[in-house]
Structures are given as structure tokens and as C-alpha cells.
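If you want the building blocks of each chain, they are given just below.
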Amino acid sequence: MTQFEYADGIWGGIDEAGVARLEIDRPEVLNALDGAASGRIIALCDAWRADPRVRAVVISGRGGAFCAGADVAGMASAASAKGGFDEADSLAIIENGSRLVGAVRALPMPVIAAIDGPAVGIGASLAVAADLIYASARSYFLLTFVRIGLMPDGAATATFAASLGRARANSMALLGEKLCATEAFEVGLINGVIEEAEGLDAVVARVTAKLCASSPEALALTKAALDAATLPQYDGAIDREIAGQTRLLQSPQFQAAIAAFAAAGR
């Protein structure tokens, strides 16, 4: 049996087969991530990266949502208390998101994302950072950044373009178009779509069983080679997103958007 431990909205544990499981459990905000939850994910990934027991990693969300993005309510509260974000605040926010996705990408073993429900903003970036992605039919992917005066981050400008191609990635990033799970499978963003959410666990179990039956070294080397071939702009994307988002988090457009969000929550 997997011995799960819960902290900061995140469950984590390793089962007897060597599958490490990370589950986001913040239902009150549709599994949106605050700094503590992101830090917990980073810490788990850092520990698993060096753990010889771990053969594969599965990331999922509880309660009918994968991850609704960053915890904007928390950001709005912090911004309201400080009168907005300065450069240091903005840099800390975007670097946290970059470290989150970087910790997932640094795992040498295959990472599977099991998506049920919305994967939005940094949640979409986290999902597409995985190597294999399976989603229930009710799931969708959405890059909402431009709607609040921001740009995609978490390497989304590289990972979505690598998976979808320039035209479709532009539609999602510039127009904020939603991509449902069925279409995401058809255009190559994900590896499979499962009609009923209840069947998602069974599919993931079959995938992890295949992975655990293979050579860990062969999987790690294959994964690294595929990443080098398909994501050569990953580091550059992170640098550009950090620079751009640091600027945009201080912009009047974002300050107005987050002030409106804070006012609506009162």
C-alpha cells in the first residue's frame, strides 16, 4: 500500500512497485497552487529524483480538478496588503513557478500526468511538463494569462509549441482558447483520453506497470534524448518568461485585474 503523507495541500507517497504519487488536494480553490503547495511539490520531486526506489511518478488532482492555476485569491490578498507587487515580489512569484516545472522536468524517470477536470494557467504548464499525459473526457487545458495582463510561464511557451505547433500554440496563448481533452488528444498534446473519469486510474495503472517492467536506465536515457530533440528551447523559454512575467506582474493591467479580483472576493 502507498503510504501517503499530506502537507500544504499536497499528498505524496511511493507505492510498493516504485511508483511515486503526487496529488493536489485544495478543493476550495480547484487545486490552485499557492507558494506553500508549490514548495511541497518541488521538495517531493527533489527527493524522488535521488531515490533509487522510484521507477515512475504520477501527478494528479483530487476532487474533479487537476489544477486551476496559481492561487489568485492569495495573490490578490498579498497585493492588496502591499499596494501591489514590486520587482522583488514579481521575480519571486515567477521564479517559484519556474522552479515548480523545473523540478518535474528534472526527474530522470518518466512522469505521468493524470488529468481530471481543468488544467489552467500554471496548472496547464505543470500538466504538459509530464512525459505522458492522460485525461478524462471532461478535462480541458487553458492558458488564461493574457486575460489578466500576463504571459504564459512554467515553460509553456516551449512545451505547448513543441507539442501543438506554432499556430495552435498561438491560439491558446494569444487568444486564450480552451482545448478540450478530446481535441487535445487529436492534435497531439496528450497521449490518451478516457471517457469516464473512473477509468483514468486503470489506464494510468497499465502505463505505470509497463514502465516499471522496463530498464530504468534505458527509460532515463531515452527520456533525456527525446527532451533534447523536442525541447531545445526550454532553458531559453524559462529565461524569457522570467524576464517578461517579472515586468508584467508590475504592470497597471495586472494590478487592475488583481485589484478587481480582490474586490469581488470581499
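The shown structure was predicted, so the numbers you read here are calculated from the model rather than taken from an experiment. (Residues numbered from 1 in each chain as written. Predicted model: local features only at pLDDT ≥ 70, side-chain atom pairs only at ≥ 80, totals over all residues. Heavy atoms only, no water.)

Things to note about the sheet that holds strand E9 (residues 179-180)
Now for step 1: In space, the 3 strands of this open sheet follow the order E6-E8-E9, with mixed pairing throughout. Looking along the sheet, the strands with just one partner apiece sit at the ends: strand E6 (118-120) and E9.
Now for step 2: One ladder, built from 3 bridges, connects E6 with strand E8 (residues 140-142); its direction is parallel. Each bridged residue has a counterpart across the sheet, and for Ala-119 the counterpart in E8 is Phe-141. (Pairing = 2+ DSSP bridges. Helix = DSSP H or I, 4+ residues; strand = E, 2+ residues; numbered from the N terminus.)

With respect to the packing of aromatic side chains
Now for step 1: With the rule as written, the count across this model stands at 3 aromatic pairs.
Now for step 2: Between Tyr-6 and Trp-11, the aromatic rings sit 4.9 Å apart at their centres with planes inclined by 50°, giving tilted as the arrangement.
Now for step 3: For Tyr-6, a relative accessible area of 44% corresponds to the partly exposed category.
Now for step 4: For Trp-11, a relative accessible area of 22% puts it in the partly exposed group.
Now for step 5: Here the aromatic rings of Phe-85 and Phe-254 are separated by 6.4 Å at their centres, their planes lie at 20°, and the arrangement is stacked. Here Phe-85 is found in the loop between helix H2 (72-82) and helix H3 (87-105), whereas its partner Phe-254 is found in helix H11 (residues 252-265), with 169 residues between them in sequence. Both residues of the pair, Phe-85 and Phe-254, count as buried.
Now for step 6: Here Arg-62 stacks its cationic end above the ring of Phe-4, 5.9 Å away from the centre of that ring.
Now for step 7: The ring of Tyr-140 carries Lys-178 above its face, with NZ or CZ at 4.2 Å from the centroid. (Phe/Tyr/Trp six-rings, centres within 6.5 Å; stacked < 30°, edge-to-face > 60°. Buried < 20%, exposed > 50% of the residue type's maximum accessible area, 1.4 Å probe, protein only. Lys NZ or Arg CZ within 6 Å of the ring centre and 35° of its normal.)

Some thoughts on the nonpolar core
Side chains that are nonpolar tend, in soluble globular proteins, to be buried together.
Now for step 1: Residues Leu-33, Trp-48, Val-57, Ile-115, Phe-141, Phe-160 and Leu-189 are the most contacted members of the largest nonpolar core, which totals 65 residues.
Now for step 2: The element that contributes the greatest number of residues to this core is helix H1 (residues 35-49), accounting for 6 residues.
Now for step 3: If near-sequence neighbours (up to four positions away) are discounted, Phe-141 is found in contact with Ile-115, Ala-119, Ala-127, Ile-133, Met-172, Glu-177, Lys-178, Leu-179, Ala-184, Leu-189 and Ile-190.
Now for step 4: Formed by 14 residues, the second largest nonpolar core is a distinct cluster that contains Val-19, Ala-56, Val-207 and Leu-219. (Core = buried A, V, L, I, M, F, W, Y, C linked by side-chain atoms within 4.5 Å. Contact = heavy atoms within 4.5 Å.)

Quick look at the pairing of strand E2 (residues 10-14)
Now for step 1: Along E2, 4 of the 5 residues are buried, which leaves the element largely enclosed by surrounding structure.
Now for step 2: Where strand E1 (residues 5-7) and E2 come together, 3 bridges link them in antiparallel fashion. What sits directly across from Ala-7, in E2, is Ile-10.
Now for step 3: Of the pairings in the sheet, the one linking E2 to strand E3 (residues 19-24) comprises 5 bridges and is antiparallel in character. Directly across from Gly-12, in E3, lies its bridge partner Leu-22.

A short note on the state of the cysteines
Now for step 1: Across all of its chains, the model carries 0 disulfides by this definition.
Now for step 2: In this model Cys-67 remains outside any disulfide bridge; the closest cysteine sulfur is found in Cys-45, 13 Å from its own.
Now for step 3: Residue Cys-67 is classed as buried on the basis of its relative accessible area of 0%.
Now for step 4: Free cysteine Cys-180: the closest other cysteine sulfur is in Cys-67, separated by 19 Å.
Now for step 5: With relative accessibility at 34%, the residue Cys-180 sits in the partly exposed group. (Disulfide = S-S within 2.5 Å.)

Some remarks on the packing of helix H5 (residues 156-164) against helix H6 (residues 166-175)
The description of two packed helices rests on the angle between their axes and on the distance between the axes.
Now for step 1: Packing of H5 against H6 leaves a shortest axis separation of 7 Å and a crossing angle of 135°. Between H5 and H6, the angle falls in the class oblique. Once H5 is placed against H6, the crossing between them reads as right-handed. Here H5 contributes Phe-160, Ala-161 and Leu-164 to the contact with H6, which in turn contributes Arg-166, Arg-168, Ala-169 and Met-172.
Now for step 2: Across the contact of H5 with H6, the residue classes break down as 5 nonpolar, no polar and 2 charged. (Axes fitted to C-alpha atoms, helices over the stretch in contact; angles between N-to-C directions. Parallel < 35°, antiparallel > 145°, perpendicular 65-115°, else oblique. Left-handed = near helix turned anticlockwise from the far one by under 90°. Nonpolar A, V, L, I, M, F, W, Y, C, P; charged D, E, K, R; others polar.)

Things to note about the pairing of strand E7 (residues 132-136)
Now for step 1: Among the 5 residues in E7, 4 count as buried, and that is most of the element.
Now for step 2: With 4 bridges connecting them, strand E5 (residues 111-115) and E7 associate as parallel partners. Note on E7: the bridge partner recorded for Ile-112 is Leu-132.
Now for step 3: Bridge count for E7 against strand E10 (residues 192-194) is 3 bridges, and the pairing is parallel. Paired with Tyr-134 across the bridge in E10 is Gly-192.

A look at the environment of Ala-197
Now for step 1: Structurally, Ala-197 is set in the loop between E10 and helix H8 (200-212).
Now for step 2: Under the relative-accessibility criterion, Ala-197 is labelled partly exposed at 22%.
Now for step 3: Considering only alpha carbons, one finds Ala-197 and Ser-136, 61 residues apart in sequence, at a separation of 5.0 Å.
Now for step 4: Excluding its chain neighbours within four sequence positions, the residues that come into contact with Ala-197 are Asp-116, Ser-136 and Arg-138.

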